[in-house]
Amino acid sequence: MNVVDALKARRTIRGYKPDPIPDDILLEILDHARLAPSNCNTQPWHLTVVSGEARDKLEKALVEEIVSGKAPSPGFKPGDADLGGVYKERQYDCAMRYYSTMDIERHERDKRQALMLKNWEFFGAPHVGFISMPGGMGPVNALDVGIYLQTLMLLLVEYGAASCPQGALAFYPDPIKEIASLPEGHEIICGLSFGYEDKGAKINEVTMDRAPLDSMLTLIK
Ligand SMILES: Cc1cc2nc3c(=O)[nH]c(=O)nc-3n(C[C@H](O)[C@H](O)[C@H](O)COP(=O)(O)O)c2cc1C
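Residues numbered from 1 in each chain as written. Predicted model: local features only at pLDDT ≥ 70, side-chain atom pairs only at ≥ 80, totals over all residues. Heavy atoms only, no water.

1. Thoughts on the pattern of salt bridges
Following the criterion strictly, the structure yields 14 salt bridges and no others. A salt bridge links Lys60 to Glu64, with the shortest nitrogen-to-oxygen separation between them at 3.3 Å. Taken together, the positions of Lys60 and Glu64, both in helix H3 (residues 52–67) and four residues apart, correspond to about one turn of that helix. Lys60 sits in the exposed class, given a relative accessible area of 55%. Here Lys177 and Glu187 are joined by a salt bridge, their closest N and O atoms 2.9 Å apart. With Lys177 in helix H7 (residues 173–180) and Glu187 in strand E4 (residues 186–195), the pair connects residues that are 10 residues apart, well separated along the chain. We classify Lys177 as partly exposed; its relative accessible area is 31%. Three or more residues are tied together by salt bridges with common partners; here these are Arg11, Glu197 and Lys199. (Salt bridge = Lys/Arg side-chain N within 4 Å of Asp/Glu carboxyl O. Helix = DSSP H or I, 4+ residues; strand = E, 2+ residues; numbered from the N terminus. Buried < 20%, exposed > 50% of the residue type's maximum accessible area, 1.4 Å probe, protein only.)

2. Focus on the environment of Pro74
As for its position among the elements, Pro74 is in the loop between H3 and helix H4 (85–101). The sequence separation of Pro74 and Glu187 amounts to 113 residues, and the corresponding C-alpha distance is 8.0 Å.

3. Looking at the site of the ligand
Taken together, 13 residues are adjacent to the ligand, and Thr12, Arg14, Asn119, Gly167 and Arg210 come closest. For the ligand, an oxygen atom lies 3.0 Å from a polar atom in the side chain of Arg10. A distance of 2.8 Å separates a nitrogen atom of the ligand from a polar atom in the backbone of Gly167. Against a free-state accessible area of 620 Å², the protein chains account for coverage of 68% of the ligand. (Near = heavy atom within 4 Å. Polar contact = N/O pair within 3.5 Å; in protein donor to acceptor, adjacent residues only side chain to side chain. Areas by Shrake-Rupley, 256 points an atom, 1.4 Å probe, with all protein chains shown as cover.)

4. A closer look at unusual backbone geometry
Located in the positive-phi region is Asn41, a residue other than glycine, with phi close to 55°. In this fold, Asn41 is placed in the loop between helix H2 (23–33) and strand E1 (46–51). Since its relative accessible area comes to 52%, Asn41 is described here as exposed. Of note in the backbone geometry, Asp82 takes a positive phi value of approximately 60° without being a glycine. Mapped onto the secondary structure, Asp82 falls in the loop between H3 and H4. Among the residues examined, Asp82 registers a relative accessible area of 66% and is labelled exposed.

Below is the structure:
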């Protein structure tokens, strides 16, 4: 598989088989992901992978936290905060594609919330990763973490696995810090549920498009 093939094959997957990725394969993938570049080679990312009983315990704790009505307390400003203009429109389009695939109408608030809750059930994936960086770091360091995230997602594709990056997994850090113990002073920037795709899952039929090249590019000669 070349880079273009991997880019085209990667999609956000939200329905998984229960089978875990074997430890030796997972470690091989994670060893390759270390090759991601970063500003001054600082490599500010840390990945905590939670699987097995700890994963189930964490899912239960997170769902309890959310159902209890606790307010979110992310360590970094969420990506959907203060969106306006075309960015708000794209966010809306993304949500609408997701709901229509699942036959959910906009007014069906309970169904939308139930679908949202699946974020903290890790969409049934056998593994969940928490990508963190030191709490005092800023956007340029977050860029490094994003490069690491995409590197890891493309590697998972090459190894026949799939993933779902999740900003939502940064919203309720307390149970994660308790059960998964992040490095001292780190805050979660993004979560990543991953495993093998359930090809029959309806939720995986959702498709997203991209803005045309000329809307994001300026070429000057
Ligand atoms: C940093 C980041 C955070 C995301 N957070 C979530 C999330 O919390 N929940 C979710 O279901 N999808 C999440 N997504 C997936 C996006 O909705 C998805 O990447 C986008 O719609 C494009 O679709 P594609 O990945 O299938 O190409 C996130 C993606 C990224 C890159």
